[in-house]
Amino acid sequence: VRVQSVHLVLQRVQIVWHRVVLLDPTTLAQLGAFGEQGAAPGQFEYPTGVAGDDQLRLLAVADSQNHRVQLFEPGGVFVRVIGGQGCAPGLFNRPCGVAIGASIGLVVAEDTGRRLQLLTLSGEPRQVLRVPGAGCLWGVTLLPSSDALLAMELFGRRCHHLRLSRPPPARP
């Protein structure tokens, strides 16, 4: 399958979410699908978020019940697992939302962790952001300016606008 531009959706199969489906953006015809239920690399337990980079070279899938993010090539070829269950930076408690930005890297919103994490695409933690007063963070999207993001709550019905500050350049 040659993938140029696709919409990404999660397919529900008998109440169990475990696949990523690639759709044609014009006709919504299915172009492909990958994944199955399980804990091995390339398998999912309730994937809840998916994002692609600007050039659609890499797809990130929030694999919430496996407490990890998995990266794939657009056709579904497995690249790597990021994270695992835990509270330390780089580990997750039910990641539900993901976003990828060229200058930011990977942004992960955690449901029960109630935080956002910024990581490199190789999985190295860069920053943990606690959103004051936030409940279960379910989704995240980077704004076009790439210096701000929106984090969405599931039950609080709120959307948090966060501006990311860049550290000052190192002095010689």
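It should be emphasised that the depicted structure is a prediction, and the values quoted were computed from it without experimental measurement.

1. Re the sheet that holds strand S12 (residues 137–142)
Right, so step 1: Taken together, the three strands give an open sheet; going across it, the order is S12-S13-S14, and neighbouring strands pair in antiparallel fashion. Either end of the sheet is taken by a strand with one partner, and the two such strands are S12 and strand S14 (159–163). Each neighbouring strand pair of the sheet contributes to a mean axis angle of 20 degrees, computed without reference to strand direction.
Right, so step 2: In the sheet, strand S13 (residues 148–153) pairs with S14 via five bridges, with the strands oriented antiparallel. Across the sheet, Ala148 pairs through a bridge with Arg163, a residue of S14.

2. Some details on the pattern of salt bridges
Right, so step 1: Summed over the entire model, instances satisfying the criterion amount to five salt bridges.
Right, so step 2: Put simply, Arg57 and Asp53 hold a salt bridge, and the shortest N to O gap is 3.5 Å.
Right, so step 3: Under the relative-accessibility criterion, Asp53 is labelled buried at 12%.
Right, so step 4: With a closest N to O distance of 2.9 Å, Glu153 and Arg158 form a salt bridge.

3. A few points about the pairing of S13
Right, so step 1: Summarising the sheet, S12 and S13 pair through five bridges and their orientation is antiparallel. Across the sheet, Leu137 pairs through a bridge with Glu153, a residue of S13.

4. Some thoughts on the confidence of the model for the protein
Right, so step 1: Averaged over all residues, the pLDDT of the protein equals 83, while 85% of them reach at least 70.
Right, so step 2: Note that pLDDT drops below 50 for residues 167–172; the model gives that stretch zero contacts with residues more than four away or on any other chain.

5. Topic: unusual backbone geometry
Right, so step 1: Despite not being glycine, His67 has its phi angle at roughly 55 degrees, a positive value.
Right, so step 2: Here His67 is to be found in the loop between strand S5 (59–63) and strand S6 (68–72).
Right, so step 3: Positive phi values are uncommon outside glycine, yet Arg94 reaches one of about 55 degrees.
Right, so step 4: Turning to its location among the elements, Arg94 is positioned in the loop between strand S7 (78–82) and strand S8 (95–101).
Right, so step 5: Take Arg94: its relative accessible area is 22%, and that puts it in the partly exposed class.

6. Some details on the sheet that holds S6
Right, so step 1: In space, the four strands of this open sheet follow the order S4-S5-S6-S7, with antiparallel pairing throughout. Strands at the two margins of the open sheet, each flanked by one partner only, are strand S4 (47–52) and S7. Taken pair by pair, the neighbouring strands of this sheet meet at an average axis angle of 20 degrees, ignoring direction.
Right, so step 2: Note that S6 and S7 share four bridges and pair antiparallel.

Cut-off values and rules
- Residues numbered from 1 in each chain as written.
- Predicted model: local features only at pLDDT ≥ 70, side-chain atom pairs only at ≥ 80, totals over all residues.
- Heavy atoms only, no water.
- Pairing = 2+ DSSP bridges.
- Helix = DSSP H or I, 4+ residues; strand = E, 2+ residues; numbered from the N terminus.
- Axes fitted to C-alpha atoms, helices over the stretch in contact; angles between N-to-C directions.
- Salt bridge = Lys/Arg side-chain N within 4 Å of Asp/Glu carboxyl O.
- Buried < 20%, exposed > 50% of the residue type's maximum accessible area, 1.4 Å probe, protein only.
- pLDDT = per-residue confidence, 0-100.
- Contact = heavy atoms within 4.5 Å.

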